[in-house]
Amino acid sequence: AQSVTQPDIHITVSEGASLELRCNYSYGATPYLFWYVQSPGQGLQLLLKYFSGDTLVQGIKGFEAEFKRSQSSFNLRKPSVHWSDAAEYFCAVASPGGYNKLIFGAGTRLAVHP
Amino acid sequence: DVKVTQSSRYLVKRTGEKVFLECVQDMDHENMFWYRQDPGLGLRLIYFSYDVKMKEKGDIPEGYSVSREKKERFSLILESASTNQTSMYLCASSKDRGSTDTQYFGPGTRLTVL
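Residues numbered from 1 in each chain as written. Chains lettered and ligands numbered in written order. Predicted model: local features only at pLDDT ≥ 70, side-chain atom pairs only at ≥ 80, totals over all residues. Heavy atoms only, no water.

**Overview of the interface of chain B and chain A**
Okay, so step 1: Contact with chain B, which involves 25 residues of that partner, is made by 26 residues of chain A.
Okay, so step 2: Between chain B and chain A, a total of about 1900 Å² is buried, with carbon and sulfur atoms accounting for 54% of that surface.
Okay, so step 3: On the chain B side of the interface with chain A, the three residues burying the most area are Leu 43, Thr 100 and Phe 105 of chain B, jointly 28% of the side's total.
Okay, so step 4: Counting across the interface, chain B meets chain A through one salt bridge.
Okay, so step 5: Asp 101 of chain B is paired through a salt bridge with Lys 49 of chain A; the nearest N and O atoms lie 2.8 Å apart. (Contact = heavy atoms within 4.5 Å. Buried area = accessible area lost by both parts, 1.4 Å probe. Salt bridge = Lys/Arg side-chain N within 4 Å of Asp/Glu carboxyl O.)

Structure, rendered in structure tokens:
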């Protein structure tokens, strides 16, 4: 069965520091991978997605993620964090085709210190 | 822009009441989804629908039902609300049946069952 693990429940960084949020998945083949962000009181917004091709994916708000098949990982990165990046981040996996069912990780809550 | 709206942001109900949560999307999407979000568990799929009058169980359908009478509207029904259904409920939609792509989320309904 597919599963997603986000090992870090909470992360705190200083504004301007770099950020890496970890995501590991379990799936028999290459899945479709997503990162979503949820700002306080809001629904989820897509940051980026990987389906195939270049393993380094660029997203919105200056985020990028790298798919590493050998490590079953899809970590999210940002070189310089802004206070407005404080939010909860969810990694998700889906099998190609089918009915677009997503399996989400438990989420990582990011706090940004000034 | 795709817009997914949910009928209420906050809802308080009593144990045993019948509860309706409504979701409307305005982009003619085929697929619609209902998730519940709980701290430490991420998002879990309750039900989804890929066409009018069609529904499929997700991972946690017990205690819930759904209705999709029109393409743009997907309702989640709690036949007899219980305190363990206190949660954040998120609706989402995506474009094409049979393909995996971005899901667009509503702002969520925070339901409290007393």
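**Focus: the environment of Gly 16 of chain A**
Residues and elements named next belong to chain A.
Okay, so step 1: Take Gly 16: it is sitting in the loop between strand S2 (10–14) and strand S3 (19–21).
Okay, so step 2: Separated by 43 residues in the primary sequence, Gly 16 and Gly 59 have C-alpha atoms spaced 19 Å apart.
Okay, so step 3: If we skip the residues at most four places from it in the chain, Gly 16 touches Pro 79, Ser 80 and Val 81. (Helix = DSSP H or I, 4+ residues; strand = E, 2+ residues; numbered from the N terminus.)

**Some words on the nonpolar core**
Residues and elements named next belong to chain A.
Okay, so step 1: Residues Leu 19, Trp 35, Leu 47, Leu 48, Phe 74, Leu 76 and Tyr 89 are the most contacted members of the largest nonpolar core, which totals 26 residues.
Okay, so step 2: Of all elements in the fold, only S2, S3, strand S5 (32–38), strand S6 (44–50), strand S8 (64–68), strand S9 (73–78), strand S10 (87–94) and strand S12 (108–113) reach the threshold of two or more residues within this core.
Okay, so step 3: Setting aside its immediate chain neighbours within four residues, Leu 76 contacts Leu 19, Glu 20, Leu 21, Trp 35, Leu 47, Leu 48, Phe 63, Glu 64, Ala 65 and Tyr 89. (Core = buried A, V, L, I, M, F, W, Y, C linked by side-chain atoms within 4.5 Å. Buried < 20%, exposed > 50% of the residue type's maximum accessible area, 1.4 Å probe, protein only.)

It is worth stressing that arrangement in space is one thing and function is another; only the former is reported here.
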